[in-house]
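Examination of the molecular architecture
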Amino acid sequence: IESRFFPALKGESGKMSASDATSAIYVTDTAKEIKNKVNKYAFSGGQLTVEDHRRIGGNLDVDISWKWLNFFLDDDEELAKIGEEYSSGRMLSGEIKAKLIETLVPIVEHHQAIRNSVDDAQIDAFMSTQPRMFASLFGDMGDIAGALDEATLANAKPGVAIGAPAADDDGVKRAQRTQAQT
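This text gives an overview of the structure that appears in the document. (Residues numbered from 1 in each chain as written. Predicted model: local features only at pLDDT ≥ 70, side-chain atom pairs only at ≥ 80, totals over all residues. Heavy atoms only, no water.)

Structurally, Glu33 can be placed in helix H1 (residues 31-41). Placed 11 residues apart in sequence, Glu33 and Thr22 show a C-alpha to C-alpha distance of 9.8 Å. A polar contact is formed between the side chain of Glu33 and the backbone nitrogen of Thr30, at a distance of 2.7 Å. (Helix = DSSP H or I, 4+ residues; strand = E, 2+ residues; numbered from the N terminus. Polar contact = N/O pair within 3.5 Å; in protein donor to acceptor, adjacent residues only side chain to side chain.)

Below, the structure written as C-alpha cells:
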C-alpha cells in the first residue's frame, strides 16, 4: 500500500504549515483566497519566458498545480490531456493554475456547505458512545453492512465500546492474556 502526501503550494522543498497561510489551501478559504493563493504561491514548472515555455514546455516533475490536479481532478483523460498540453508548451502556467482553481473551488465550497449544515444534534450523535448501525453512518452498504450491524448490536454490551476487547468468563480480558503469552 502506498500513500503519497501532496506537496505545499510553494513547492516540494517546503511543507504545509498552519503558521504559513500561503503554503496550503484551507477548507475555510473563499474562492477569491484560493484563486489568489494558487496564482501567487503555487510553484510553477513553467519556463522564464512565454517563448521558452512554448519551445521547451512545462516541467511536470516540479509543477505544483499539476501535482495537485493529480489528486483532485477525477477525469483521467482530461488529466492526461492537461499533462500533454502543459509539458509540450501548448498550455501556459497561468492556464494550468486556472484549471487547478476551477477544480478546487467547487470541492472546497461543497465541503463548506456540508460543514455549515451540521448542527449540535448531529455532533452529539456522532460523538455518542452508544452502539449504532454502521450503514446508517456511511450510507447504503448493502446486505453485508446490515448483517454486520445486526451482529454487532446483538453482541454489544452497555457501557463497552464496540470493538473493545471482550472479557472472558473469568474476567480477564483476552487482549491481556494474549499479551502475557507473547
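Attention now goes to the pattern of salt bridges. Applying the stated rule across the entire model yields eight salt bridges. The partner of Arg55 in a salt bridge is Asp52, and the shortest N-O contact between them spans 2.8 Å. On the criterion of helical spacing, the pair formed by Arg55 and Asp52 is a turn pair, its members being three residues apart in helix H2 (residues 50-56). Residue classification places Asp52 among the partly exposed positions, given a relative accessible area of 26%. Salt-bridge contacts for Glu102 lead to Lys99; the nearest nitrogen and oxygen are separated by 2.8 Å. Of the two residues, Glu102 and Lys99 both sit in helix H5 (residues 93-117), three residues apart, roughly one turn of that helix. Within the structure, one salt-bridge network assembled from shared partners comprises Glu78, Lys99 and Glu102. (Salt bridge = Lys/Arg side-chain N within 4 Å of Asp/Glu carboxyl O. Buried < 20%, exposed > 50% of the residue type's maximum accessible area, 1.4 Å probe, protein only.)

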